[in-house]
Amino acid sequence: MSWVTAVWAMVAAACLTLAAVHFPVWVKDRTARPSLFFSMLAMATAALAFCELAMMHAQTPAKYAAALRSGHVAVWVLTVSFIGFVQTYFKAGRPWLAWLVGGLRTASLIPNFLTGVALNYTDIGSVRGISFLGETVSIPVGSPNPWMLLGQAANFLLVVFIADASLSAWRRGDKTAALAIGGASIFFSLAGIVQVMLIFWGAAPIPITISIFSLGVVVAMAYQLSRNVLNAARLVKDLRESEERMTLAAEAANLGIWMRDIEHGTFWASPNTRTLFGFAATETIDLHALLLRVHADDRDAVGRKLSEPVKDRYQAEFRVNLPEGGIRWLSAQGRFEFEAGKPVRARGACGDITRRKEGEQEMLRLRHEIAHAGRVSVMGQLAAALAHEINQPLGAILRNAEAATLLLDANHPDRDELRAIVQDIVHDDQRAGAVIDRMRSMLRRNDIERRPLSVDALLVEVAALVRPDAAARHVRLVVEAPEDLPQVVGDRVHLQQVLLNLISNGMDAIDEAAARHRKIVVKASLRDAQSVEVAVCDSGPGIPASRIDLIFESFFTTKACGMGMGLSISRSLIEAHGGRLWADRNGADANGACLRFTLPLTGPA
Ligand code: ADP
C-alpha cells in the first residue's frame, strides 16, 4: 500500500473511531451536545479524507471535479459542527457571526454545484501527476472560479468566530479549554486556509490536505472532552466520598436525610429517615405516603409547608403515627431549590425529638401542679386567715343576735337596747367586711415586680408552655401579636400566670362542650395611646349572659373539680397592674367566649 493511502485511511479511521466513541454519549445524554457536534465534525473530517484521497488518485478532470464537489459538502458539515461545538462547549460565541459563517458556507454550495466544475474551478483542463510522499498524485490544471471567495470569506469569519468565543471562555476562567481548543482550531484553520488559497489561486502545485489539519482540531477537542470525562469521574468519586461522610455524620447524630425531586415527584430517603417515619427498606415513598404517616392534627400544616414553599427554608415539628402503634415527634428542617422561580428540589434532615417533647410535657405538668399548689396554698392561707379574723366578729354577731332574740321574747322589749344590739351587729358586719377587703388588698399587693416587658415575647413564652398540652388535647393555639407593640410595665410571672389560667379555662370549656372546632386565639393589640389589650378567645360553648360577671366572684365554679379562684385572682392581678379584666361573648367561634384584659403602657397610676 502507498503512503498516501495509508496516511489518509488512518486519518479517516481515527476520526471514525472517535466519532463512534462520542456519538453514544450524546444518545444516552441529550444534554451532552458538544459530544454530538464533535462526532459530526470527526465524521466530516473522515469524509473529507476520502474525498482528498479520491482527488489525489483521480485520473481524469471529471473525477477530480466530482471528488472536489463532494469535498465541499463535507466542509459544510465540518463548518456547521465546528460552530455548534464551540457554542455548546464554550457557551460563548456571537450568534450573528455564527449565522453569517453558516450562511456563507451554505450559500457557497450553490456555485459549487451550479457554476463551473466546482466551487474552486470554472474548468479543469487536465490533471497532472506530482510526486508527494514518495508517490505520484494528481493535481488539477484549471481556471480559478471567483465564487470561491464566498467559501474563503466563510473560512476567515469562522476563525474570527472561534477566536472571539475562545477569548470569552479565557476571560471567564476556562483557560485550559480556551487554549487547547481555541489555539489548535485557530492554528489548523489558518494553516488550511493558507494552503487552499495557495492551491486554488494556482500559486502552489501541491495536493489538498485539509483533513490532516482538521485532524489536529479533532485531536484537541477529543483531548479536552476526555479531560472532562476524567474530571467528571473524579468529581463523582469526591461526591460519593462526601456523601458517605455526610451520611456517617447524620447517622451518628441519629438524623435522617432526604431529597425530593418536585418536578418528577420522586423521593430519596436515607435508611434513618425510613426508620424515623416507620417505612420499610423497600417501600416506595412519595409526598402522599409521607403525609399519611404524619399525625392527622399536624398533617395540614406539614402538607402546606411541603407543597407551597413560600420561603426557601422551612422548619417544622410534628408527630408521626408509627405502624407498630404509638407516636414519634420529629423535627424537620429543609431547603427548597428554585429554578426560574419554580421549586424543583427540596432537601432536608429530620431528627427524633420525642424525648424533648415528653420532657416539655412533663415540665408543663409540673408547672400546672406548682400553679395548682400555689393557688391551693393561697386559698389555704386565705381561708385560715379568714377563719381566724372573721371568727371573732361572726361570734359577736351570733351572740348579739341571740341576745336580741331573748329580748324580743320579753313582753316589753327594750327598744333602745335592741337598737344598740342591732348597731353592734352592723359594726361587727363592717369589721368582717374590712377583714375581707384587707385580705383582697394583701392578695393584690402580692409582691408585684414592675418591669418593662414585651407583650409579644410574653405571649410567645406562654404559647411555648401550653402548646404541648394543647396538642395533647387537640386544641389549635393561634397567637397573633404585632412585633411593634409597645412595651408594658408589669410582672412577667404573674402575667404568665393570668394567661395560663385564661388559656386553660378556654381549653376546659372546649373539652366540656366537646366542641367540633377546637381553637384558641390569643391576640394582642394596641387598644389606645395608653394601653395594650390582650384577648383570649376560644371556640367553646361561651358564657351565658347571666354569668358574665358572676364568673369573677371568688369560689364561683361550674367544674366538678374547680375552685372558682382562677378568675378572681387573675382579676386582682390585672387590677394590681393598673389594668382591667372582663369577659365578653365574641369567642374564636360563633359561640365561644373571650376573656380580655388591658395593661397600661406605663404601669399602674
Ligand atoms: P375554675 O376554673 O376553677 O372553675 P375560674 O375562676 O377560673 O375557676 O372560672 C370560674 C368559672 O368561669 C368556670 O368554672 C367556668 O364556668 C367559667 N369560665 C371561665 N372561663 C370560661 C370560658 N372560657 N368559657 C366558658 N366558661 C368559662
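Scroll up to find the structure this text is about.
In short, a report on the structure.

Rules of the game
- Residue numbering note: each chain is counted from 1, following its sequence as written.
- Only residues with pLDDT of at least 70 are given local features in this predicted model, and only at 80 or more are side-chain atom pairs given and counted; all residues enter the totals for whole chains, interfaces and linings.
- With hydrogens and water stripped out, all remaining heavy atoms of the structure feed into the side-chain values.
- We call a pair of cysteine sulfur atoms a disulfide whenever their separation is within 2.5 Å.
- Numbering goes from the N terminus for both helices and strands, where a helix is a DSSP run of H or I of at least four residues and a strand is a run of E of at least two.
- Here the term buried applies to any residue with accessible area under 20% of the maximum for its type, exposed to any over 50%, and partly exposed to those in between, with areas from a 1.4 Å probe on protein chains only.
- The patches reported here contain residues having more than 30% relative accessible area and no salt bridge. Joining distances are 9 Å for like charges and 5 Å for nonpolar side chains (Val, Leu, Ile, Met, Phe, Trp, Tyr).
- Note on areas: Shrake-Rupley, 1.4 Å probe, and residue coverage restricted to the protein chains presented here.
- By definition, a salt bridge exists where a carboxyl oxygen of Asp or Glu is found within 4 Å of a side-chain nitrogen of Lys or Arg.
- Positive charge is attributed to Lys and Arg, negative charge to Asp and Glu, and no charge count is given to His or to the chain ends.
- Charged groups are reduced to one reference atom each: NZ for lysine, CZ for arginine, CG for aspartic acid, CD for glutamic acid.
- If DSSP finds at least two bridges between two strands, the strands pair.

## Comments concerning the state of the cysteines
Now for step 1: Scanning the entire structure with this criterion turns up one disulfide.
Now for step 2: Covalently, Cys-537 is tied to Cys-594 through a disulfide, its sulfur atoms 1.9 Å apart. The sign of the 75 degrees torsion about the S-S bond sets the Cys-537-Cys-594 disulfide as right-handed. Taken together, the residues span a long stretch of sequence, with Cys-537 in strand E12 (residues 531-538) and Cys-594 in strand E14 (residues 594-600) at a distance of 57 residues.
Now for step 3: Judged by its relative accessible area of 11%, Cys-537 falls in the buried class.
Now for step 4: Judged by relative accessible area, Cys-594 falls into the buried class, the value being 0%.
Now for step 5: Cys-51 takes part in no disulfide bond, and the closest cysteine sulfur to it belongs to Cys-15, at a distance of 13 Å.
Now for step 6: In this structure Cys-51 comes out as buried when scored by relative accessible area, which is 11%.

## What about a negative patch on the surface?
Now for step 1: Residues Asp-238, Glu-241, Glu-243 and Glu-244 make up a contiguous surface patch of negative charge.
Now for step 2: Position of Glu-243 relative to the elements: it lies in helix H8 (residues 210-252).
Now for step 3: The exposure class assigned to Glu-243 is partly exposed, which follows from its relative accessible area of 46%.

## Some points on the pairing of strand E11 (residues 519-526)
Now for step 1: Sheet topology note: the strand E9 (residues 476-480)/E11 ladder contains five bridges and is parallel. If you follow Val-479 over to E11, its bridge partner there is Val-522.
Now for step 2: Across seven bridges, E11 lies against E12 in antiparallel orientation. Counterpart to Leu-526 in the pairing with E12 is Val-532.
Now for step 3: Hairpin remark: E11 followed by E12, antiparallel, with four residues in the connecting loop.

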